[in-house]
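The residues making up each chain are set out below.
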Amino acid sequence: MIDCFEKNNIKRSIASAVILLVASLFVAFGVAEISFPESFLTFTDQDWLLDIWPKAYRYNIHVGVTACAICGLLIIPAYKLQKDFAIRALETLCRLGIGGMFIFASIFKIQDPHQFATLVAQYQFFSALHLDFVNNFFALVYPQFELWFGLAMIFSPFVKESSFAIFWMFVSFIIALAWALWNDLGITCGCFELEGAQDKAEAWTSLIRDLILIWPTGWLAMRKNKSLIGVWRK
């Protein structure tokens, strides 16, 4: 009787793991479509598709958001199949994904703080508050926050604190991007590249990405403090 129950439990866990793996691929594909439309994970920039539908590249945001929505729907059956396993797996995936993204995003800014300060100035946010001197300080400090809180989310047990900090970073990004769009500023987000002024669509794609990723970050901020190994201990 116990063996039968355990076998069934293992099967449900495997099924839940497969569904979550597919969901992870969808969210990776979705974020790539939204923010990195010419990466190996994207679909709308494929030559064969553009030959059939030359305007396909214009719908990368729609495809990305749809992929993220499918990911959200896939979580439901994974959760119902094996609740405990699904929650542990989701926490692990979210911590690795969001923490890794912030570590990666910090590298370019730390390497070139002058260029990042120039990009921050292009938002004209601190200028509007007559606080231009804050631009340089922000450019030096913020990437360090991204790096260390990203590392803490993955390698430390302090998931609540690191997620809470990253959550408010997302809030600041959303406010800055909304400010740029409100003032019709055609600038790049500055999250993963430091190329200066870009098309206004850059701000829209970054805003949509941050609005999606802030939700799992908020969920992580409500989790108990555990290391990634501790997440899997009973």
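All figures in this text were calculated on a predicted structure; none of them were measured in a lab. (Residues numbered from 1 in each chain as written. Predicted model: local features only at pLDDT ≥ 70, side-chain atom pairs only at ≥ 80, totals over all residues. Heavy atoms only, no water.)

Visitor: What is the right way to look at the overall build of the chain in this model?
Guide: Assigned secondary structure in the chain consists of 10 helices and 0 strands. Mapped in sequence order, the helices and strands of the chain form the string α-α-α-α-α-α-α-α-α-α. The burial tally for the chain puts 41% of its 234 residues in the buried class. Long-range pairs, those at least 24 residues apart, make up 73% of the contacts in the chain between residues at least 6 apart in sequence. Accessible surface, the chain: about 13400 Å² in total, of which carbon and sulfur atoms supply 70%. Between the mean site of the 18 positive side-chain charges and the mean site of the 19 negative ones, the chain shows a separation of 17 Å. (Helix = DSSP H or I, 4+ residues; strand = E, 2+ residues; numbered from the N terminus. Buried < 20%, exposed > 50% of the residue type's maximum accessible area, 1.4 Å probe, protein only. Contact = heavy atoms within 4.5 Å. Areas by Shrake-Rupley, 256 points an atom, 1.4 Å probe, with all protein chains shown as cover. Lys, Arg positive; Asp, Glu negative; His and termini not counted. Charge placed at Lys NZ, Arg CZ, Asp CG, Glu CD.)

Visitor: Would you mind showing me how to read the packing of helix α5 (residues 113–122) against helix α7 (residues 134–155) here?
Guide: A pair of packed helices is characterised by two quantities: the angle between their axes and the separation of those axes. Two elements in contact, α5 and α7, have axes whose closest approach is 8 Å; the angle formed by their N-to-C orientations is 120 degrees. Viewed along their axes, α5 and α7 adopt a mutual orientation that is oblique. The two elements α5 and α7 cross, and the hand of that crossing is right-handed. For the pair formed by α5 and α7, the contact residues are P113, F116, A117, V120 and A121 on the first element and N135, N136, F138, A139, L140 and P143 on the second. (Axes fitted to C-alpha atoms, helices over the stretch in contact; angles between N-to-C directions. Parallel < 35°, antiparallel > 145°, perpendicular 65-115°, else oblique. Left-handed = near helix turned anticlockwise from the far one by under 90°.)

Visitor: Would you mind going over α5 with me for this structure?
Guide: In an α-helix there are 3.6 residues to a turn, and that puts residues three or four apart on one side. By the burial criterion, the buried members of α5 are F116, A117, L119 and V120. Down the axis of α5, the smallest arc covering the buried residues is 160 degrees, so these residues share one side. Residue Q124 follows α5 closely and has a positive phi angle near 60 degrees. (Arc of directions from axis to C-beta.)

Visitor: Help me out: how do you make sense of the environment of P54 in this one?
Guide: Structurally, P54 is set in the loop between α2 (47–52) and α3 (60–81). On the basis of relative accessible area, P54 is assigned to the exposed category, the value being 54%. Residues P54 and T42 lie 12 residues apart in sequence; the distance between their C-alpha atoms is 16 Å.

Visitor: What's the story with the packing of aromatic side chains in this structure? I'm lost.
Guide: Centre distance and the angle of the planes are the two values used to describe a pair of aromatic rings. Under the definition given, this model contains 14 aromatic pairs. Aromatic pair F164 and W168: ring centres 6.2 Å apart, planes at 70 degrees, arrangement edge-to-face. With F164 and W168 both in helix α8 (residues 159–182) and 4 residues apart, the pair spans about one turn of that helix. Members of the aromatic cluster, connected to one another through ring pairs, are F102, F116, F138, Y142, F145, F149, F170 and F173. (Phe/Tyr/Trp six-rings, centres within 6.5 Å; stacked < 30°, edge-to-face > 60°.)

Visitor: How should I be thinking about the packing of α7 against α8 in this particular structure?
Guide: Running from N to C, α7 and α8 cross one another at 140 degrees; their axes reach a closest spacing of 9 Å. With respect to their mutual orientation, α7 and α8 come out oblique. The two elements α7 and α8 meet at a crossing, and its hand is left-handed. Taking contact as the criterion, the partners of Y142, F145, E146, F149, G150, A152 and M153 in α7 are, on α8, S162, S163, A165, I166, W168, M169, S172 and F173. Grouping the amino acids of the contact of α7 with α8 by side-chain chemistry returns 10 nonpolar, 4 polar and 1 charged. (Nonpolar A, V, L, I, M, F, W, Y, C, P; charged D, E, K, R; others polar.)

Visitor: Before we go on, may I ask you to explain α7 in this structure?
Guide: With 22 residues, α7 should cover 32 Å at 1.5 Å per step; its first-to-last C-alpha distance of 31 Å lies within 8% of that length. Along α7, the residues classified as buried are V134, N135, A139, Y142, P143, E146, L147, G150, M153 and I154. (Expected span 1.5 Å × (residues − 1).)

Visitor: Help me understand the side chain of E33 in this model?
Guide: By secondary structure assignment, the location of E33 is in helix α1 (residues 2–35). Here the side chain of E33 touches T44 through a polar contact of 2.7 Å, side chain to side chain. Contacts of E33, omitting those with residues within four sequence positions, involve T42, F43, T44, N60, V63 and G64. (Polar contact = N/O pair within 3.5 Å; in protein donor to acceptor, adjacent residues only side chain to side chain.)

Visitor: Mind showing me how you'd approach the nonpolar core here?
Guide: General note: in soluble globular proteins, nonpolar side chains tend to be found buried as a group. With 25 residues, the main nonpolar core has I98, F102, I166, F170, F173 and L220 as its most contacted residues. It is α8 that provides the largest number of residues to this core, a total of 10 residues. Sequence-distant contacts of F170, that is, excluding residues within four places in its chain, are made with I98, M101, F102, D210, L213, I214 and T217. In this structure, L20, A86, A89 and L90 belong to the second largest nonpolar core, which totals 7 residues. (Core = buried A, V, L, I, M, F, W, Y, C linked by side-chain atoms within 4.5 Å.)

Visitor: So what exactly am I meant to see when it comes to the pattern of salt bridges here?
Guide: If charged atoms from side chains of opposite charge come close, those side chains can pair. All told, the structure shown has 5 salt bridges when counted by the stated rule. The salt bridge partner of R88 is D84, with a shortest N-O separation of 2.8 Å. Taken together, the residues span about one helical turn, with R88 and D84 both in helix α4 (residues 83–111) at a distance of 4 residues. On the basis of relative accessible area, D84 is assigned to the partly exposed category, the value being 41%. The shortest N-O distance in the salt bridge between K109 and E146 comes to 2.9 Å. One end of the pair, K109, is in helix α4; the other, E146, is in helix α7, and 37 residues separate them in sequence. For the residue pair K109 and E146, the accessibility class agrees, reading buried in each case. Several salt bridges converge on common partners, so that one network encompasses E91, R95 and R223. (Salt bridge = Lys/Arg side-chain N within 4 Å of Asp/Glu carboxyl O.)

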